[in-house]
Amino acid sequence: EERAGYRLAPGYGLATHFANLLNGNVPENAVKLCTVMDYIAMKLTGRTCPLTHSSNAASLGLYDTQTNAFVTDAVLAAGIDPAVLPEVTSENAAAGTWNGIPVTAAIGDNQASFLGSVRNPEHEALANYGTGSQISIMNRNTAGFQPDGAMEIRPFLENSWLTSGSALCGGRAYALVEQFFRQYIAACGKDVPEEQYEVMNALALKGLESGRYLHVHTTFCGTRNDPSLCGSVDGISEELLTPEAFIAGTLWGMAAELYEMFLKMPHDHVDALVISGNAVRKNPAFRRMLKEVFCMNVRMPLHEEEAAFGAAMFSAMTAGIADRSALAACIRYSEL
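The model shown is predicted, which means the values in this text are computed figures rather than measured ones. (Residues numbered from 1 in each chain as written. Predicted model: local features only at pLDDT ≥ 70, side-chain atom pairs only at ≥ 80, totals over all residues. Heavy atoms only, no water.)

## Focus on the overall build of the protein
At step 1: When helices and strands are counted, the protein shows twelve helices and 15 strands.
At step 2: Taking 20 Å as the expected radius of gyration for a compact globule of 336 residues, we find that the protein reaches 22 Å, a close match to that expectation.
At step 3: By its C-alpha atoms, the protein is 65 × 50 × 45 Å across when sized along the principal axes.
At step 4: Scored against the burial criterion, the 336 residues of the protein give a buried share of 48%.
At step 5: When the accessible surface of the protein is totalled, it reaches about 16,400 Å², and 53% of it is carbon and sulfur.
At step 6: Looking at the protein, you have 23 positive and 36 negative side-chain charges, and the mean spots of the two groups are 4 Å apart. (Helix = DSSP H or I, 4+ residues; strand = E, 2+ residues; numbered from the N terminus. Rg over C-alpha atoms; globule rule 2.2 N^0.38 Å. Buried < 20%, exposed > 50% of the residue type's maximum accessible area, 1.4 Å probe, protein only. Areas by Shrake-Rupley, 256 points an atom, 1.4 Å probe, with all protein chains shown as cover. Lys, Arg positive; Asp, Glu negative; His and termini not counted. Charge placed at Lys NZ, Arg CZ, Asp CG, Glu CD.)

In structure tokens, the structure reads:
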């Protein structure tokens, strides 16, 4: 960061490459770096140089999302040879063919998930809950918006961008609470039963229906801005020191962390929330909490594996099988 003048969080490809250079871990015969999905496309098509879509190139770091190109001055300042960078495209491009079948350049997982979940990108945001969580909005113009450390502007499709905010402890927060209850059962000398999620979900619904629950700040893993930050609980009283108030309050915290990011984004055009991920699919109480916190219509795709669905849509668009609007019409929702 000091050399390049750009923020580079751990996990960015060029940050890893920089560390490998310092430690002598780059093979002498290495020619290019790329993402793993670019490598697979390269091997399938017999390319000798990887083709990286801008949505993946940005995840390597030192990338200008407005010009859709690596900032070579910053790469050089970091002591990295720009020749190692892959070829980049911002178009719906094929990397080549495999047995006569077009192989599309891979797009980023966030972008694929958005494409495969959101039917009306002009008016819908996407909240995805896995181990972590993420809120994403499509914007046609990002001029003047300066994201904080928890948010990024990521290349998307057709001269558009995703403004995305990420929480480190999404569904993991609920898993930690489930682990807490199982540890208590074990401490009582009882046989530890299977996962307690069904019991927790029922208790959470009870807490929601009463309208009285704690506010649990679920930053148990810190944040991107402050990894040392811990979680906290507000509103503890004699009446609210109950399992249902604590569990429902944990769901409130999981929803509120993304909602706070949403409010900082350019969001005036958004009037509905699309949700995805196992943490929402398996938890009706959490779906209700998201509707309550975001105060808007909440929709969930009927299909699962939204990122794979979006990758297939992108490939169909690239091959000219159908355009984006026709494919988006295939997305069906359950309204909550």
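## Points about the packing of helix H6 (residues 171–187) against helix H8 (residues 243–264)
At step 1: Close contact between H6 and H8 brings their axes to 9 Å; oriented N to C, the two are set at 160°. Taken as axis vectors, H6 and H8 run roughly antiparallel relative to one another. Judged by the twist between their axes, the crossing of H6 over H8 is right-handed. Listed contacts from H8 to Gly171, Ala173, Tyr174, Val177 and Phe181 of H6 are Pro243, Phe246, Ile247, Thr250, Leu251 and Met254.
At step 2: Within the contact of H6 with H8, the residues separate by chemical class into nine nonpolar, two polar and no charged. (Axes fitted to C-alpha atoms, helices over the stretch in contact; angles between N-to-C directions. Parallel < 35°, antiparallel > 145°, perpendicular 65-115°, else oblique. Left-handed = near helix turned anticlockwise from the far one by under 90°. Contact = heavy atoms within 4.5 Å. Nonpolar A, V, L, I, M, F, W, Y, C, P; charged D, E, K, R; others polar.)

## As for the packing of H6 against helix H7 (residues 197–210)
At step 1: Relative to each other, H6 and H7 sit at 110°, their axes nearing to 10 Å. On the basis of the axis angle, H6 is roughly perpendicular to H7. Residue-level inspection shows Tyr174, Ala175, Val177, Glu178 and Phe181 of H6 in contact with H7, the latter providing Tyr197, Met200, Asn201 and Ala204.
At step 2: Looking at the contact of H6 with H7, its residues break down into seven nonpolar, one polar and one charged.

## Here's the deal with the environment of histidine 123
At step 1: Position of histidine 123 among the secondary structure elements: in the loop between helix H5 (109–117) and strand E7 (124–129).
At step 2: Contact partners of histidine 123, with chain neighbours within four places excluded, come to His269, Val270, Asp271 and Ala272.

## Brief notes about the packing of aromatic side chains
At step 1: Applying the stated criterion across every chain, the model contains nine aromatic pairs.
At step 2: With a centroid separation of 5.4 Å and 85° between ring planes, the pair formed by phenylalanine 114 and phenylalanine 156 is classed as edge-to-face. A residue pair is termed long-range when its members are at least 10 positions apart, and phenylalanine 114 in helix H5 and phenylalanine 156 in the loop between strand E9 (151–155) and strand E10 (161–167) qualify at 42 residues.
At step 3: Given the relative accessible area of 1%, phenylalanine 114 is considered buried.
At step 4: Ring-pair connections join several aromatic residues into one group, and the members of that group are Phe180, Phe181 and Phe246. (Phe/Tyr/Trp six-rings, centres within 6.5 Å; stacked < 30°, edge-to-face > 60°.)

## Some details on the environment of arginine 154
At step 1: Take arginine 154: it is sitting in strand E9.
At step 2: The contacts of arginine 154, once residues within four sequence positions are left out, are Asn110, Gln111, Gln134, Trp161, Leu162, Ser164, Ser166 and Arg224.

## Digging into the pattern of salt bridges
At step 1: Evaluated as defined, the whole model comprises eleven salt bridges.
At step 2: In this structure, glutamate 87 engages arginine 47 in a salt bridge whose closest nitrogen and oxygen atoms are separated by 3.0 Å. Here glutamate 87 is found in strand E4 (residues 87–89), whereas its partner arginine 47 is found in the loop between helix H2 (36–45) and strand E1 (51–53), with 40 residues between them in sequence.
At step 3: We note a salt bridge from glutamate 152 to arginine 224, for which the minimum N-O separation is 3.7 Å. Remark: arginine 224 occurs in the loop between strand E11 (215–217) and strand E12 (232–234) and glutamate 152 occurs in strand E9; sequence separation between them is 72 residues.
At step 4: Judged by its relative accessible area of 13%, glutamate 152 is buried.
At step 5: When salt bridges that share partners are traced, they join Glu124, Arg299 and Glu335 into one network. (Salt bridge = Lys/Arg side-chain N within 4 Å of Asp/Glu carboxyl O.)

## Regarding helix H10 (residues 284–294)
At step 1: Among all positions of H10, only Ala285, Phe286, Arg287, Met289, Leu290, Val293 and Phe294 are buried.
At step 2: Its side-chain oxygen at 3.1 Å from the backbone nitrogen of alanine 285, asparagine 283 defines the N-terminal cap of H10.
At step 3: Phi for cysteine 295, located one or two positions after H10, is positive at around 55°. (Polar contact = N/O pair within 3.5 Å; in protein donor to acceptor, adjacent residues only side chain to side chain.)

## Notes on the sheet that holds strand E8 (residues 133–139)
At step 1: Pairing within the open sheet is mixed, and its seven strands lie in the order E9-E10-E8-E7-E13-E14-E15. Edge strands, defined here as strands with exactly one partner in the open sheet, are E9 and strand E15 (333–335). Direction aside, the axes of adjacent strands within the sheet are offset by 30° on average.
At step 2: As paired strands, E7 and E8 are joined by four bridges and run antiparallel to one another. Bridge assignment links asparagine 128 to a residue of E8, and that residue is glutamine 134. (Pairing = 2+ DSSP bridges.)

## Observations concerning the side chain of histidine 267
At step 1: Here histidine 267 is to be found in the loop between H8 and strand E13 (272–276).
At step 2: Within the structure, histidine 267 has its side chain in polar contact with the backbone oxygen of methionine 265 (distance 2.8 Å).
At step 3: Once residues within four sequence positions are removed from consideration, histidine 267 is found in contact with Ile137 and Phe262.

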